Amino acid sequence: MFTALLGAVAQGILWGAMVLGVYITYKLLDIADLTADGSFAFGGCVCAVMIVNFNMNPLLALLFATFAGMIAGFITGALHTIFEIPAILAGILTQISLWSINLRVMGKSNIPLLKTNTIFSWLTDATGMSNAVAGVILGGIIIVLIIMILYWFFGTELGSALRATGNNEAMIRALGVNTGHAKLLALVISNGLIGLSGGLIVQSQKYADINAGTGAIVIGLAAIVIGEVILGKVISFWMKLSAAVVGSIVYFVIRGIVLQLGMDANDMKMLSAIIVALALAVPVMSAKIRAKRAYSPKGE
């Protein structure tokens, strides 16, 4: 059980980059970007091809995975901001097309990385530690760096304008900010992180598959909501980013426990939907119950 839970924690940390990407569009811009499923797999496929076919350094392959995700985000952003296609539809169009693109990139439905080096195999070979421990250590370092960079970026003038676009688009447009460019940049950054997460997962699991990103957006939303429920209404922006990663870890730990208890792996999609629904519904119902109890009709 301990080994399984440690593996779940490692998975949660590595998926944390994807959750942070979803956080940027979902929480900061209030955009339902469904590109995530496609860009996650795209980043993983590109990473695997670079390592296997071109014998590329695994770290450099992660940069290509990030760039692949950024391209996917740019396409969605261009469809939405330039051609004025609704964001949700633009994401769906990109996501659908990426399935075929991923198949073209890999040339087949999956690629094994069993005989190749990865950033995790470097650490396991050098220290003898397990892959799960290596995932926790390397993933933790990467996630901390990402949070630090995002915290710095969104504190700059450009980052603040991007956050303001999500809060009040009309006001920030009146101040002379091109909201179309802000949305495009947010989608590029978001899907870049998602592509990076796809590359990390591929190197951790030692294989790439074109269906790897199926349900990624659901996992991202579940992690964000769970993180908010656990840490409550935090004010600091870096705490909000950290809460998203904590939610990702808790989500995968819950999945790991359920699987250890004997749940069919084929039911995990349903479990994910139930977790998201409960995480969204429980705070709302709790607030309604508290409001009802606090209400006292006149004359009583």
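Conventions we followed
- Residue indices begin from 1 for each chain and proceed along its sequence in written order.
- In keeping with the model being predicted, local features are shown solely for residues with a pLDDT of at least 70 and side-chain atom pairs are shown and tallied solely at 80 or more, while totals for entire chains, interfaces and linings include all residues.
- In computing side-chain properties, one takes all heavy atoms of the structure into account and sets aside hydrogens as well as water.
- UniProt positions are given in the numbering used here, feature names are shortened, and annotations may be inferred rather than shown by experiment.
- Numbering of helices and strands starts at the N terminus; helices are DSSP runs of H or I of at least 4 residues and strands are runs of E of at least 2.
- Buriedness for pockets is judged along seven lines, at least five of which must meet protein on both sides within 12 Å for an open set on the 1 Å grid over protein atoms alone, while cavities are sets there where a 1.4 Å probe fits but cannot get out, and lining residues have an atom within 4 Å of a point.
- Grid points are joined across faces, edges and corners, and a volume is the space filled by probe spheres set on the points.
- Each residue receives one of three labels: charged for Asp, Glu, Lys and Arg, nonpolar for Ala, Val, Leu, Ile, Met, Phe, Trp, Tyr, Cys and Pro, and polar for the others, Gly being one of them.
- Each pair of aromatic rings taken from Phe, Tyr and Trp, with Trp reduced to its six-membered ring, is defined by centres within 6.5 Å and is described as stacked if the planes are under 30 degrees apart, edge-to-face if over 60, and tilted in the remaining cases.
- Think of it in three bands: residues with accessible area under 20% of the maximum for their type are buried, residues over 50% are exposed, and the middle band is partly exposed, with areas taken using a 1.4 Å probe on protein chains only.
- The rule is short: NZ of Lys or CZ of Arg within 6 Å of the ring centre and within 35 degrees of the ring normal puts a charge over the ring.
- A helix is expected to span 1.5 Å multiplied by its residue count minus one.
- Any pair of N or O atoms that falls within 3.5 Å is considered a polar contact. Within protein, one atom must be able to donate a hydrogen and the other to accept it, and sequence-neighbouring residues count only if both atoms are side-chain atoms.
- We define a salt bridge as a side-chain nitrogen of Lys or Arg found within 4 Å of a carboxyl oxygen belonging to Asp or Glu.
- Throughout, nonpolar core names a set of buried Ala, Val, Leu, Ile, Met, Phe, Trp, Tyr and Cys residues whose side chains join them through atoms within 4.5 Å.
- Residue contacts are defined here by distance: any two heavy atoms, one from each residue, within 4.5 Å place the two residues in contact.

- Looking at an unreviewed UniProt entry, one finds the protein chain named ABC transporter permease, with Lachnoanaerobaculum gingivalis as its source organism.
- In the Subcellular location (unreviewed entry) part of its UniProt record, the protein chain is described as follows: "Cell membrane".

### A short note on the UniProt feature "transmembrane region" (unreviewed entry) in the protein chain
Part 1: Within this structure's numbering, the places UniProt gives as "transmembrane region" (unreviewed entry) are residues 31-52, 59-79, 132-154, 184-202, 214-231, 237-258 and 270-289.
Part 2: Helix makes up 100% of residues 237-258 and strand 0%, and the two end C-alpha atoms of the span are 32 Å apart.

### Observations regarding the layout of surface pockets
Part 1: The volume enclosed by the largest pocket comes to roughly 620 Å³.
Part 2: Lining of the largest pocket is provided by 28 residues; of these, Q11, W15, Q205, F252 and R255 occupy positions nearest its centre.
Part 3: Those elements giving two or more residues to the lining of the largest pocket turn out to be α1 (2-28), α9 (179-205), β2 (207-209), α10 (216-231), α11 (237-260) and α12 (268-294).
Part 4: A class-by-class count of the residues in the lining of the largest pocket yields 15 nonpolar, 10 polar and 3 charged.
Part 5: In this structure, the second largest pocket encloses a volume near 480 Å³.
Part 6: As for the second largest pocket, its lining consists of 19 residues, and the residues nearest its centre are T66, I146, I149, L193 and L196.
Part 7: At the level of secondary structure, the elements contributing two or more residues to the lining of the second largest pocket comprise α3 (58-81), α6 (131-153) and α9.
Part 8: The biggest single contributor to the lining of the second largest pocket is α6, with 8 residues.
Part 9: Residue classes in the lining of the second largest pocket are distributed as 17 nonpolar, 2 polar and no charged.

### Some words on the packing of aromatic side chains
Part 1: Counted according to the given criterion, the structure contains 5 aromatic pairs.
Part 2: With a centroid separation of 4.4 Å and 20 degrees between ring planes, the pair formed by W15 and F40 is classed as stacked. Of this pair, W15 sits in helix α1 while F40 is found in helix α2 (residues 36-54), placing the two residues 25 residues apart along the sequence.
Part 3: Classification of W15 by relative accessible area gives buried; the value is 7%.
Part 4: Measuring from ring centre to ring centre gives 5.6 Å for F154 and F237, while their planes differ by 65 degrees; the resulting arrangement is edge-to-face. On the criterion of sequence distance, the pair formed by F154 in the loop between α6 and α7 (157-167) and F237 in helix α11 is long-range, its members being 83 residues apart.
Part 5: Linked through ring pairs, W15, F40, Y251 and F252 together constitute an aromatic cluster.
Part 6: Just above the ring of F237 sits the side chain of R163; from NZ or CZ to the centre is 4.2 Å.

### Examining α3
Part 1: In this model, α3 (24 residues) spans 34 Å end to end at C-alpha, consistent with the 34 Å of a helix rising 1.5 Å per residue.
Part 2: Its side-chain oxygen placed 2.8 Å from the backbone nitrogen of L59, N57 serves as the N-cap of α3.

### Looking at the pattern of salt bridges
Part 1: In this structure the tally under the stated criterion is 3 salt bridges.
Part 2: Two residues, E169 and K183, come together in a salt bridge whose shortest N-O distance is 3.2 Å. Highlighted residues: E169 in helix α8 (residues 169-174) and K183 in helix α9, separated in sequence by 14 residues.
Part 3: Within this structure, E169, R173 and K183 form a network of salt bridges that share partners.

### Structural notes on the environment of I101
Part 1: Tracing the backbone through its elements, the reader meets I101 in helix α4 (residues 87-106).
Part 2: Judged by its relative accessible area of 34%, I101 is partly exposed.
Part 3: Taking the C-alpha atoms as reference points, I101 and G38, separated by 63 residues in sequence, lie 9.5 Å from one another.

### Considerations on unusual backbone geometry
Part 1: The phi dihedral of N55 is positive, around 50 degrees, even though this residue is not glycine.
Part 2: Of note, N55 is situated in the loop between α2 and α3.
Part 3: We note that K206 has phi near 70 degrees; this positive angle belongs to a residue other than glycine.

### Things to note about the nonpolar core
Part 1: Residues W15, M18, L20, I146, L150, F154 and L200 are the most contacted members of the largest nonpolar core, which totals 77 residues.
Part 2: By residue number, the principal contributor to this core is α1, which donates 12 residues.
Part 3: When near neighbours in sequence (up to four residues on either side) are disregarded, I146 contacts A17, L20, L193 and L196.

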